[in-house]
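Survey of secondary and tertiary structure
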Amino acid sequence: MVKSPLIVGNWKMHKTSREAQNFCETIAPQIAQSQATVYLAVPFTLLPTLETSIILGAQNMHDEPKGAFTGEISAHMLKDAGAQFVLLGHSERRHVFGETDRFINRKVKRALAEGIEPILCIGETLEQRESGHTHEVLKDQLLSSLEGIDDYSKILIAYEPVWAIGTGKVAHVDDAQSAHAFIRGLVGDRPILYGGSVKPDNAQNLLQQPDIDGLLVGGASLEVESFSQIINGKNP
Ligand code: PGA
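Presented here is an overview of the structure given in this document. Small disclaimer: the values here were computed from a predicted structure and weren't measured.

Conventions used here
- Residues numbered from 1 in each chain as written.
- Predicted model: local features only at pLDDT ≥ 70, side-chain atom pairs only at ≥ 80, totals over all residues.
- Heavy atoms only, no water.
- Helix = DSSP H or I, 4+ residues; strand = E, 2+ residues; numbered from the N terminus.
- Polar contact = N/O pair within 3.5 Å; in protein donor to acceptor, adjacent residues only side chain to side chain.
- Contact = heavy atoms within 4.5 Å.
- Near = heavy atom within 4 Å.
- Areas by Shrake-Rupley, 256 points an atom, 1.4 Å probe, with all protein chains shown as cover.
- Nonpolar A, V, L, I, M, F, W, Y, C, P; charged D, E, K, R; others polar.
- 1 Å grid on protein atoms, 1.4 Å probe; cavity = no way out; pocket = protein on both sides within 12 Å on 5 of 7 lines; lining within 4 Å.
- Points joined across faces, edges and corners; volume = space filled by probe spheres on them.
- Phe/Tyr/Trp six-rings, centres within 6.5 Å; stacked < 30°, edge-to-face > 60°.
- Buried < 20%, exposed > 50% of the residue type's maximum accessible area, 1.4 Å probe, protein only.
- Lys NZ or Arg CZ within 6 Å of the ring centre and 35° of its normal.

**Some points on the side chain of arginine 93**
Mapped onto the secondary structure, arginine 93 falls in helix α3 (residues 91–96). Engagement of the side chain of arginine 93 in a polar contact is seen with the side chain of glutamate 99, the distance being 3.0 Å. Not counting the four nearest positions on each side in its chain, arginine 93 is found in contact with Asn60, Gly98 and Glu99.

Laid out in structure tokens, this is it:
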């Protein structure tokens, strides 16, 4: 591995506390020898229970500090439960739950106010890519979600083309690099992660691109074997 990347596992709606604890214990030696910084975005229920040195975060939160929002969770509660970061604007939140850039913008501000590191996820659909609108969409999502924020120094970005998430279709490395270079022009030296069907056999190639600083890994973060291959730069 040429640089020291940030690898973020996104467990989505998977794992009970026993399964999660087993995972963390089994993978601990692999993490200890990894040059990567490893984060895990886990279900809320696991945040206060997991005993691990892995940096834990959440996959979503509400923007209001408290109130009558049945079923929601606040940044303050996440912090209290041990979250150090939060994924915001993941494409499943945007597309399945209808989250808008305005809502995501308020969440980013709330996370920053609470001292939780936001990982802002952006990405185009296949239709937007094929119609030649990728850059326009990325710029729009990025600038709308960061509106009113002058200091980007506490924000991480994840570029996840929607058509590559959970589909097995990873973006071509040149396309991924080109999107990252475009985002770099907007956010400067902030870490930009690539996500979407990252697996042990494509992770290293992606990480070798100059503007890909890390990876956001869904399915392959659920198994110790595949996740440890990714964090240790092993290409099976
Ligand atoms: P995937 O998910 O690696 O399973 O495509 C990535 C993500 O949704 O963050």
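Past the structure itself, the notes keep going.
**Concerning the site of the ligand**
Of all residues adjacent to the ligand, which total 14 residues, the nearest are Lys12, His90, Glu160, Gly166 and Ser197. For the ligand, an oxygen atom lies 2.6 Å from a polar atom in the side chain of histidine 90. A distance of 2.9 Å is found between an oxygen atom of the ligand and a backbone nitrogen or oxygen belonging to glycine 219. Relative to its unbound accessible area of 280 Å², the ligand is 97% covered by the protein chains. Of the residues that constitute the shell around the ligand, the class distribution is 5 nonpolar, 7 polar and 2 charged.

**What about the layout of surface pockets?**
Taken as a whole, the largest pocket encloses approximately 440 Å³ of empty space. Met13, Gln59, Asn60, Arg93 and Phe97 are, among the 15 residues lining the largest pocket, the residues nearest its centre. In terms of residue class, the lining of the largest pocket is built from 6 nonpolar, 5 polar and 4 charged.

**Comments concerning the packing of aromatic side chains**
Under the definition given, this model contains 4 aromatic pairs. Measuring from ring centre to ring centre gives 5.0 Å for tryptophan 11 and phenylalanine 23, while their planes differ by 85°; the resulting arrangement is edge-to-face. With a gap of 12 residues between them, tryptophan 11 in the loop between β1 (6–10) and α1 (17–32) and phenylalanine 23 in helix α1 connect regions that are remote in the sequence. Side by side, tryptophan 11 and phenylalanine 23 carry an identical accessibility label, which is buried. Ring geometry for phenylalanine 23 and phenylalanine 227: centres 6.3 Å apart, planes at 40°, overall tilted. Note that phenylalanine 23 is positioned in helix α1 and phenylalanine 227 in helix α9 (residues 224–231), a separation of 204 residues in sequence. In this pair, the class of phenylalanine 23 matches that of phenylalanine 227, namely buried. Within the aromatic cluster, the residues linked to one another by ring pairs are Trp11, Phe23 and Phe227. The aromatic ring of tryptophan 11 is capped on one face by lysine 15, whose charged end is 5.1 Å from the ring centroid. The residue whose ring lies beneath lysine 107 is phenylalanine 103, and the NZ or CZ to ring-centre distance is 4.3 Å.

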